[in-house]
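# Close look at the chain arrangement
Read off the chains here:
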Amino acid sequence: METRTLFRSSEEEQKEERQRNLQMTSATRKAKFRSSEEEESFTASEFSIAAALALTSELSWESKLRREATTVELEERGQKRVRFGNEMERLEEAVIRNCRLLRVKANRKTLRKEALQKARRQKEYIELLSSRPPMIWIPLRAHAVWTRMGVKLTCTILASPPPQVTWYKNGVRIDPRLAAAGKYRMRNEFGMLTLDINRCSLEDSAEYSVEVKNLYGEAYSFATVLVQKYYEKESGFDSEIYKRLLISQEADFAFSLKPLFSREKEPFTLSSFFSSDLLPHQRDVTWLRDGEFLKDSDRQQMTCLDREASLTVSCAHKEDEGFYTVRVPTLDGYHEQSAYVFVRDAAAATAGAPGSPLNVKCHDVNKDCLLLSWVAPSDSGASPVCGYLIERREAGTDEWEPCNEMPVKTCRCPVLCLMEGKTYQFRVKAVNHSGISNPSKASDPVTMKDPNEEKRVMTIPYDDGKKITVSKDELEGTIKIPLPPTNVHASEIKEDYVVLAWDEPDPRGKEPLSYYVEKSLAGSNSWQNVNLETAVNSPRFALFDLVKGKPYCFRVRCANKYGVSEPSLPSEPIAAGTKLAPLPPPSQVLAFRDTKTSVVVHWDKLKDSQEPLGYYIYCREVGTDEWQTVNNKPVTCNKFTVPGLQPGKEYVFCVKTINEAGVSDSSPESNPILVRPAVACPSAPRDFALLSCGKSDMTIGWKAPKRKGGCKILGYFLDQHNAAELDWHEVNVRPIAQRVHKVANLQEGQFYEFRACAMNMVGVGKVSDPSDLFKCEEWTMPQPGPPYDVRCTEVRDATLMLHWEAPLYTGAGPLTGYYIDVCEEGSEAWKQLNEQPTASTHMRVSDLETGKCYIFQVRAFNKAGIGPPSIPSDPVVVETKAGTNEIELGVDKEGFIYMAFETPDMCDSSEFTWSKDYEGPPDPDRVKTEDKGNKSKLMLKNASEKDLGTYSVEVTDVDDEISASHTLTQEELDNLRKISHEIRNPLIELISGWNVDVLDKGEVRLWLEVEQLSPEAELHLIFNGKELSSTPTHKINFDRAKGLIELIILDFCDDDKGTYTAQVQDGKAKNQFTLSLIDDIFNKVEAEAAAKRREWRRMQGPHFIENLQWKVTEECEVLLTCKATNMKKDTNFKWFLDKKEHLDGLSDPQTGAGTLRIKKLTKEDKGIYKAVVSDDRGEDTTELDLTKEGFEDILKELCRISALSAKPLKVQPTEEGIRIHSEVKYYTDCMKTTWYHKEKRLESGERLKSGTTVDQIWLHILNPTDSDKGKYTLEIFDGKDLHKLSTDLSGKAFEEAVAEHLRLKEAMVAEKNRARVVQGLPDVATIMEDKTLCLTCCISGDPYPEITWFKNEKVVIFKDRYKMEVKGIVVTITIERVCSDDTGKYSIFVKNKYGCETGQVTISVYKHGEEPVELWEK
């Protein structure tokens, strides 16, 4: 636009110059010359036509005319300047030239006609060109700006007639009336269209377009406006910011990292969460510990997901403690956040043992020795650390070997006798008087080698990158006996050891060297070999156990395979070092507040160039004696933030210094500090609103800062800015206490914006962002203005309390109520909560969804309608926060009813604000408040029904809302007033009223218990109107400390019948308690006392401690038991049944147990059983009546056990039929049995027989047929329960049973009819010679059997002396005149078709005068 403006200005200057030239030329000719035809004169119209002709003429004619006019003017000027010489001649020449020039223009009529014709044609041409559709000559251009800046969109158009212009934003027409005042400004000047957008925000990023339209057509132009927050980069479409927005919004941290507390040998995970998915260029997330980058390994793994990055350490060590930082790349750098990870000591194997050392490192590594260092633990255990044990292992093994027998006192020690070429790891344990600590983390693996080996190797490059490696050993000459070493000196001197070092001989030779060290007292020439048994392979050697205070000189010899060198020059005198003492602790420790759970500890560094290894910090809660270790890894700075503290608690801190000698003493304790957030400047106010407006004044309201800085806001400073001006102006010089202020002296119709800053005791906070532009014009609308200061209190699960302030502008009439709207955060859908307007400026909102975030706004209502909404409240999550307290009701020691509230978090300037029914503070005439620390108490002076209502309390000057409420009901008030009356009119509290106990010996104890009494308490015990005093028969005990009152009556009788009253007084408190022992109560106590006396006397001799009782065993045996005690050897234990001694009873004299077992109970066992124990001290009996109910109970129990023992039904085929039975342990008549066939009850008949035995219940089916098939069920009723047993006798089971029955039946017939020897034959028959033997037996069988006799298994032939006679079933064999040959084994064999049988007899024949053999045996 600037270039085009300059071009138009130059054209106008040229036009003016041409007009002046024409005027000058015409005027000159008119004044001096006349043409031959006529004198020409020019009018004003002619000058205009000439000017138009000059503008529209060709360039050659115009140039020619200008050139001629200029020439004449210059000649004239020259004549005026020169005017010497032949002036007349020159004048004449000038006249001739002017005449020639004027003659060319003489004929003006012709020129005028031509000019008019050409001007007319040009005018027609211009008008023809001007009637055209719009054309975008210069289009819109894209812009990229920062927030709160302005942007101007411009374009140039050509159109005739003038077009209609419309601006659009993302396709939506822009209406300045609907936007904020002064937001948009549109102009159309000389074909240039302009759109001004003021105070751009992120919402103004869009595509803008302009539409130009007339009768002949329309045209469009588009441009993109990009609005972005300031990132300290240049803006533009080629910038990284624009590229990033084209990709997507970069992820940022969703939550801050919090300190993490872990323990040794346990895993821990540190996780960082992001607000959105990580973009591809953000995936390279890195972790750092104490500024050093971490790498993935077996022990620590780093993972990165879409919205989470985590670091996991599988086995924590104290070396893993420190500041951890996570970095996320961005296009303009990276985001990072840090947190401290604490690693506590693992539990020691021995109680009181110290913590493990840490940071084990290897130094000065040689072929066979090295120096090992570590850091002392922070926790020394129950006693100070007295030393350290070192262990080593070869890499790849798990076996640890000790390196030292005696503990090392300092944290640095040489390790000798290592093997060259091997790789070792080391660890250290701390020792104190209680035990040994856990081992430290193993050191990094270290390989034993010559540290100068690399120096002895030379690399020579050649031939394009090739190398030749040459060892110095190869260049060494052949040396037999080595040269002595040089430069023997002490490289390290400590109290316990001295490390010697020397230089190898040069040249050293090709052979490997070893060294021998010799020592001598300074001034003596007596040298002693130190390592004669073990040669040293490295130019290092550590000597222990040097005598303190004595200087030594040392020299060294070299040795190889050829021999030993001469000794080196002696070293300077070297003495053992002094004892290394721990460093002093810091002199001053200061603690400062940080957050509500952390404290910053600062201490002075050590002076005199003392460099410690670090510091340990310790803390202790005030009121306790136990110190807690804060860090287990030393920190090197002199400031540390201690997290994880309890809010509202007081702590003290101390610091210890660490060096190689160990841990120092504790520093002086810091002053106690209360854990609360540190004070700071407040944040900026926010959410400005116009609450009322006049002709020249505005009332502005705003919200308090989100962060108040830990102290009270003292006031606000307000600035104003006129949109038409550049500068801001102060509204107030002194701070405004309220958040509503009326700004006066404004210009009506102007737009103003405001900003403010808050002030507290620390200072003035940041200035807020400017408000929206507000137009200063008087409000005349009938509706009310917006309410303000909408806030939420008492936020709990699903409910909260909403408060607001009434609008300052009430409109046409008084306010009639309010409407409350709600929407979820992130949504724009507002929902009205109340159907009817609420009249008060508070409202309980319920039925919200727990865990969701809501925003509220309020609209005022009057008779004219609903006014504009208030500024929305801050987003609030509807849930009960952890640690939220409620109002507590109670009565104090003075009898006042109180409501108390304790807050977990508050600052020094916080106050408790109580209100009643949310309408303001309670009436001070009725209540009084007491605030102490974090607790506030509201006490009712004289509680009555006037005090009923809802009491609420809020804590001021805190960032997070803390409030609670309680509704005092009539029931609660009555209960509290009752308690208050009891406190103000004290009665001695009765814990346990009068009790009557009968003691073992028959003594009666009357006692009661009251609350604890003072030593001055008095007791008066009244019996039937007379005061009792303690006597041997009536003992009175009064224990004031326990509140126990008792009266013990030794021989309780009728004289003790009456009323007992205990009167107790303790200061102002008193009470009396009455007991009436009369009528049935007295008789019952007297009977019990008499029984107890008898019982006590019985207990002096043998007596039963377990009375006689019965029990049925699983085998259905009845067991009678009892037990006696206090028995002697001569104590008798007897059993009786119906007064007759029962001899089956048993007793154990040692245990006193008596047992009587009845195996099968019958009716004969009915009776009264009695057990008696007696001796010279007395007698005791116990009885058991088993005559009626007792006996029936046993039978019922027998029935129950026997019924439960019934086994499943069995099917048993018999000769007569099929038998179904169940076995029981013991059948009694009390058991009721019923048989069923196919659910039909069976009765005994000709074909069905049922019965029982002692151990069986059976059913016999005689001669079974097919009708007997089916299911058989046995029901057993034991007197209480019914038991069923079933079996299915059908199908294959029935067929098999019938077949077996038939087989048995046939076998029975065969057995019945088979041949048998029934009786008659003896086993042995003895007879004398010459006698006649007659043997008779009976046989049976059908058909009659065949008979055969055998003698010694040979058939007997009956003739001569052998005869057989058969008469029916009787068979007789006769042997006449028996002789010794007849001795033998005889048998009769009978046989028929059903079977056979043999009967045997042995015959023995003896001679005259001999005795039979059978008599000898007898």
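Numbering of residues starts from 1 in every chain and runs along the sequence as written. Where totals are concerned, whole chains, interfaces and linings use all residues; where local detail is concerned, this predicted model gives features only for residues with pLDDT of at least 70, and gives and counts side-chain atom pairs only at 80 or more. Calculation of side-chain values draws on the structure's entire complement of heavy atoms; hydrogens and water are dropped beforehand.

### Here's the deal with the packing of aromatic side chains
- Within 6.5 Å between ring centres, the rings of Phe, Tyr and Trp (the latter by its six-membered ring) count as paired, and their orientation is classed by plane angle as stacked under 30 degrees, edge-to-face over 60, tilted in between. By the definition in use, this model includes 24 aromatic pairs.
- Ring plane angle 65° and centroid distance 5.4 Å describe the contact between Trp-502 and Tyr-515, whose orientation is recorded as edge-to-face. In this pair, Trp-502 sits in strand 28 (residues 497–503) while Tyr-515 sits in strand 29 (residues 514–521), placing the two residues 13 residues apart along the sequence. An identical accessibility class is assigned to Trp-502 and Tyr-515; each is buried.
- Ring geometry for Phe-1133 against Trp-1135: centres 6.0 Å apart, planes inclined by 40°, an arrangement best described as tilted. Both residues of the pair, Phe-1133 and Trp-1135, count as buried.
- Here a set of aromatic residues connected by ring pairs shows up, and it is made of Phe-261, Phe-323, Tyr-340, Phe-342 and Phe-640.
- When the ring centre of Tyr-618 is taken as origin, the NZ or CZ atom of Lys-656, which lies over that ring, is 4.7 Å away.
- If you follow Lys-1170 out to its NZ or CZ, it ends over the ring of Phe-1136, 5.8 Å from the centre. Starting at the N terminus, helices and strands are each numbered in turn, a helix being any DSSP run of H or I of at least four residues and a strand any DSSP run of E of at least two. Residue burial is assigned from relative accessible area. The probe radius is 1.4 Å, only protein chains are included, and a residue is buried under 20% of its type maximum, exposed over 50%, and partly exposed in between. Lysine NZ or arginine CZ positioned within 6 Å of the ring centre and within 35 degrees of the ring normal marks a charge as sitting over the ring.

### Observations concerning the sheet that holds strand 35 (residues 598–603)
- Only strands that DSSP links by at least two bridges are regarded as paired with each other. Read across the sheet, 3 strands follow the order 34-35-38 without closing on themselves; strand pairing throughout is antiparallel. Edge positions in the sheet fall to strand 34 (589–595) and strand 38 (639–642), since each has one partner strand and no second. Here the average twist between neighbouring strands, direction ignored, is 25°.
- Bridge count between strand 35 and strand 38: 4 bridges; the pairing is antiparallel. For Val-599, the partnering residue across the bridge sits in strand 38 and is Val-642. Axis definition: a line fitted to C-alpha atoms, over the contacting stretch in the case of helices. Angles run 0 to 180 degrees between N-to-C directions.

### A word on the environment of Asp-1330
- Relative to the helices and strands, Asp-1330 resides in the loop between strand 89 (1324–1328) and strand 90 (1333–1340).
- On the basis of relative accessibility, which here comes to 53%, the residue Asp-1330 falls in the exposed class.
- Along the primary structure Asp-1330 and Glu-1376 are separated by 46 residues, whereas in three dimensions their C-alpha atoms are 7.4 Å apart.
- For Asp-1330, the contacting residues outside a window of four places in its chain are Arg-1377, Val-1378 and His-1408. Pairs of residues are marked as contacts when any of their non-hydrogen atoms sit within 4.5 Å.

### Observations concerning the pairing of strand 54 (residues 853–862)
- A large share of strand 54 lies buried, amounting to 9 of its 10 residues.
- Here strand 51 (residues 815–824) runs beside strand 54; their pairing, made up of 9 bridges, is antiparallel. Directly across from Tyr-819, in strand 54, lies its bridge partner Arg-859.
- Examined bridge by bridge, strand 54 and strand 55 (residues 865–869) share 3 bridges and lie antiparallel to one another. Residue pairing for strand 55: Asn-862 is matched across the bridge by Gly-865.
- Where strand 54 folds back on strand 55, the antiparallel hairpin that results is connected by 2 residues.

### Brief notes about helix 11 (residues 1292–1313)
- Take the residue count of a helix, subtract one, and multiply by 1.5 Å to get its expected span. With 22 residues, helix 11 extends 32 Å between its outermost C-alpha atoms, agreeing within 8% with the 32 Å of an ideal straight helix rising 1.5 Å per residue.
- Turning to helix 11, its buried residues are Phe-1294, Ala-1297, Val-1298, His-1301, Leu-1304 and Asn-1313. For helix 11, the buried positions fall inside an angular range of 160° around the axis, keeping them on one side. Turned more than 90 degrees from where helix 11 packs its buried face, Lys-1292, Glu-1295 and Glu-1306 sit exposed.
- On the buried face of helix 11, the contacting elements are strand 80 (1210–1213), strand 81 (1217–1223), strand 87 (1282–1289) and strand 95 (1384–1392). Each C-beta atom gives one direction from the helix axis, and the arc is the one those directions make.

### With respect to the confidence of the model for the chain
- For every residue, the predictor assigns a confidence score, pLDDT, that lies between 0 and 100. When the pLDDT values of the chain are averaged, the result is 85; 90% of them are 70 or greater.
- pLDDT under 50 marks residues 1–10. Its contacts with residues more than four places away, or in other chains, come to 5 contacts.
- Residue range residues 232–237 is modelled with pLDDT below 50. Its contacts to residues more than four positions away, or to other chains, number 15 contacts.

### Let's talk about the pattern of salt bridges
- Salt bridge, as used here, is a side-chain nitrogen of Lys or Arg placed within 4 Å of a carboxyl oxygen of Asp or Glu. As enumerated under the stated definition, the model contains 62 salt bridges in all.
- Here Asp-290 ties to Lys-633 by a salt bridge, and the two come within 3.4 Å at their closest N and O atoms. One end of the pair, Asp-290, is in the loop between strand 12 (286–289) and strand 13 (292–293); the other, Lys-633, is in the loop between strand 37 (628–629) and strand 38, and 343 residues separate them in sequence.
- Of the residues examined, Lys-633 reaches a relative accessible area of 15% and is grouped as buried.
- The shortest N-O distance in the salt bridge between Glu-511 and Lys-561 comes to 3.7 Å.

### Concerning the sheet that holds strand 29
- Spatial ordering of the open sheet is given by 30-29-32-33, a layout of 4 strands whose pairing is antiparallel. Looking at which strands have only one partner, the edges of the open sheet turn out to be strand 30 (528–529) and strand 33 (563–564).
- Here strand 29 pairs with strand 30 via 2 bridges, running antiparallel. Within strand 30, the position partnered with Lys-519 by the bridge is Gln-528.

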